[in-house]
Amino acid sequence: MAILNLTGDSFSGDGVGRNPEAAIRRASVAIEDGADMIDVGAESARADVPAREPDDEAQLVGTVIHRLARETGAMISVDTYKGEVAEAALEAGAHIVNDIGGFKNGTGTAVAAAKHGAGLVINYTFERPKVRPGQPPAYDDLIVEHLAFLRERIAEAERLGVAPEAIIIDPGIAFGKSHDEDLEVLRRLAEFTSLARPLMVAASRKHFIGSVTGAPPSKRDAATVAVTALAIAAGADIVRVHDVAANVQAARVADAVVRGRPGDYGATRESWPWAASAERIPGTTIERRDDD
């Protein structure tokens, strides 16, 4: 899942602002680089940035998604916790609603997803979007409480009419956790597969990586690739990233190692150079055989 920020205030500094042409160009490159989905968002998740008015946000994402759907044919997700924005995006051609708010601001996103038969990503969060907790969250058992939160939201989404197979879960890296707790979630990511829903990890360039590496957001892509590979090994099905090309390669290799079957990459004439008319090298075992 490629990130497409229609903002100028993204923490990672990659937003295209209110520029549909730049958005289409960015999405087209992501698709060429191997992205399966484009996640369109028009409001920064940062708590120190004011919320965008829903009408304005809906108009902007609707415009861009309408063009993406018409010009690229890509699978499109909308990154919003607002029901009216989700509705506008789905009307414009989006296929998935990515609700970072975990219904903390109401269930409008689930209602819209149910109405349109769309996918729905439910993200763990400790606090409402755009609100910074007054005190650092304290968990008795980090993973148990995350799983309980997600189970409740899955049940609520299904009650509202979202198809069970359309629900994706996200453990919410950077949403109400210390950097140490973000790492703990990734360390125990396999436990989230117990919910029997596709699992998404959105860790690209996030601040826990800076705590580990000391690198600013613009220099965290290599570390993000490591997280991608580890997440897929632990059971992740979707990774939401900024640098598509590198993460696609990491995802494909990790997936081949973890979920591949013997024979998927079996020997061929092309993979065995001495069976593909290689020239004989004197003094070595590489030589052309007459029966080749």
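See the structure above.
Every chain begins its residue count from 1, and numbering advances along the sequence as written. Residue-level local features of this predicted model are given only where pLDDT is at least 70; pairs of side-chain atoms are given and counted only at 80 or more, and the full residue set underlies all totals for whole chains, interfaces and linings. To obtain the side-chain values, all non-hydrogen atoms of the structure were used and water was disregarded.

In this section: the packing of helix α3 (residues 83–92) against helix α4 (residues 108–116). A pair of packed helices is characterised by two quantities: the angle between their axes and the separation of those axes. Taken N-terminus to C-terminus, the directions of α3 and α4 make an angle of 25°; their axes are 7 Å apart at the nearest point. Taken as axis vectors, α3 and α4 run roughly parallel relative to one another. For the crossing formed where α3 meets α4, the hand is right-handed. Here G83, A86, E87, L90 and E91 of α3 come into contact with α4, specifically with G108, T109, A112, A113, K115 and H116. The convention used is that axes are lines fitted to C-alpha atoms, helices contributing only their stretch in contact, and that angles between N-to-C directions extend from 0 to 180 degrees. Helix and strand labels come from DSSP, where a helix needs a run of H or I of at least four residues and a strand needs a run of E of at least two; each type is numbered from the N terminus. Angle categories are assigned with fixed cut-offs, so that under 35 degrees is roughly parallel, over 145 is roughly antiparallel, 65 to 115 is roughly perpendicular, and the rest are oblique. Note: crossing handedness is left-handed where the near helix turns anticlockwise from the far helix by less than a right angle, and right-handed where it turns clockwise. Any two residues whose heavy atoms approach within 4.5 Å at even a single point are treated as in contact.

It is worth spelling out the pairing of strand β2 (residues 37–41) at this point. Most of β2 sits out of view: five of its five residues are buried. Burial here depends on accessible area, computed with a 1.4 Å probe over protein chains only, as a share of the maximum for the residue type. Under 20% is buried, over 50% is exposed, and the range in between is partly exposed. Residues of β2 alternate between two faces, with M37, D39 and G41 on one and I38 and V40 on the opposite face, all of them buried. Here, a strand pair is defined by DSSP locating no fewer than two bridges between the strands. Where strand β1 (residues 2–5) lies against β2, four bridges are found, and the strand directions are parallel. Counterpart to I3 in the pairing with β2 is D39. Tracing the backbone out of β2, into helix α2 (residues 54–71) and back to the parallel element strand β3 (residues 75–79) gives a crossover that is right-handed. Crossovers are described as right-handed under a simple rule: with the strands pointing away from the observer, the path leading from the first strand over the helix to the second runs clockwise.

Bringing the layout of surface pockets into the picture now. The computed volume of the largest pocket comes to approximately 1,000 Å³. In this analysis, the protein atoms alone were mapped onto a 1 Å grid. Cavities are point sets where a 1.4 Å probe fits without being able to get out; pockets are open sets with protein on both sides within 12 Å along at least five of seven lines; lining residues have an atom within 4 Å of a point. Along its surface, the largest pocket is lined by 42 residues, and A45, R46, A47, A174 and F175 are the ones closest to its centre. Where the lining of the largest pocket is concerned, the elements lending two or more residues are β1 and α6 (179–187). Three categories are distinguished: nonpolar for Ala, Val, Leu, Ile, Met, Phe, Trp, Tyr, Cys and Pro, charged for Asp, Glu, Lys and Arg, and polar for the others, with Gly belonging to the last. Grouping the amino acids of the lining of the largest pocket by side-chain chemistry returns 15 nonpolar, 14 polar and 13 charged. Grid points are joined across faces, edges and corners, and a volume is the space filled by probe spheres set on the points. Counted as a void, the second largest pocket has a volume near 350 Å³. In this structure, the second largest pocket is lined by 19 residues; those nearest its centre are M1, D36, D237, V239 and A251. Looking at the lining of the second largest pocket element by element, the count peaks at seven residues for helix α9 (residues 244–259). Residue classes in the lining of the second largest pocket are distributed as twelve nonpolar, two polar and five charged.

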